[in-house]
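As a plain string of letters, each chain reads:
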Amino acid sequence: MRSVRRCSRTGCGNPAVATLTYAYADSTAVVGPLATYSEPHSYDLCEEHALRLTAPRGWEVVRHQGEFRAPEPTVDDLTALAEAVREAGRTPAVEVPDVPAGTIRRGHLRVLPDPNED
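Because the structure is predicted, anything quoted here is derived from the model rather than measured.

Caption draft 1: How the structure looks around the sheet that holds strand β4 (residues 60-63). With mixed pairing, four strands are arranged side by side in an open sheet as β3-β1-β2-β4. Every other strand in the sheet has two partners, leaving β3 (42-45) and β4 as the edge strands with one partner each. Taken over all neighbouring pairs, the strand axes of this sheet differ in orientation by 20° on average, direction set aside. Relative to β3, strand β1 (residues 18-23) is paired through four bridges, and the arrangement is antiparallel. Within the sheet, the bridge partner assigned to L20 lies in β3 and is Y43.

Caption draft 2: Structural view of the side chain of H49. Looking at the element boundaries, H49 is found in helix α1 (residues 47-52). Those residues in contact with H49 that lie beyond four places of it in its chain are C7, R9 and C12.

Caption draft 3: Region of interest: unusual backbone geometry. The phi torsion at S27 lies on the positive side, around 50°, for a residue other than glycine. Within the element layout of this structure, S27 appears in the loop between β1 and β2 (28-33).

Caption draft 4: Seen up close, the pairing of β2. In the sheet, β1 pairs with β2 via six bridges, with the strands oriented antiparallel. Counted as the bridge partner of T19 is G32 from β2. Between β1 and β2, which follow one another and run antiparallel, lie four residues, and S27 among them has a positive phi close to 50°. Here β2 pairs with β4 via four bridges, running parallel. Note on β4: the bridge partner recorded for A29 is V61.

Caption draft 5: Here's a closer look at the packing of aromatic side chains. Summed over all chains, the structure comprises four aromatic pairs. Between the aromatic rings of Y22 and Y24, the centroid separation amounts to 5.8 Å while the plane-to-plane angle is 35°, which identifies the pairing as tilted. Since its relative accessible area comes to 59%, Y24 is described here as exposed. Considering the side-chain rings of Y24 and W59, the 5.8 Å spacing of their centres and the 85° angle between planes classify their relative orientation as edge-to-face. One end of the pair, Y24, is in the loop between β1 and β2; the other, W59, is in the loop between α1 and β4, and 35 residues separate them in sequence.

Caption draft 6: The environment of A23, seen in detail. Positionally, A23 belongs in strand β1. Look at A23 and you get partly exposed, because its relative accessible area is 26%. C-alpha of A23 to C-alpha of W59: the two residues are 36 residues apart in sequence and 9.8 Å apart in space.

The rules we used
- Residues numbered from 1 in each chain as written.
- Predicted model: local features only at pLDDT ≥ 70, side-chain atom pairs only at ≥ 80, totals over all residues.
- Heavy atoms only, no water.
- Pairing = 2+ DSSP bridges.
- Helix = DSSP H or I, 4+ residues; strand = E, 2+ residues; numbered from the N terminus.
- Axes fitted to C-alpha atoms, helices over the stretch in contact; angles between N-to-C directions.
- Contact = heavy atoms within 4.5 Å.
- Phe/Tyr/Trp six-rings, centres within 6.5 Å; stacked < 30°, edge-to-face > 60°.
- Buried < 20%, exposed > 50% of the residue type's maximum accessible area, 1.4 Å probe, protein only.

Below, the structure written as structure tokens:
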């Protein structure tokens, strides 16, 4: 299941809705819709930071025209969530060890007879 990606800006915990990528050869910063996967050389931004981004002098900013929206869950996400819930609901198979004669079992605890009593 995909976790919610957060804005890369320090101190910002808002959900990411845009991806910032630098094209160094063209001195261009590109702000577009949130990429499907987090890339090591790109930055996830919340809507506020995506709209307010400025570039260094001599650089150009190419910005997506339109709304930045959080990605909708896909069928794969919903299937993964359903499988995770099913897996968590399964009771793990617990091997019950052989209980010596004369012991009383209560839940996960056992009462053992006094070895000095016969």
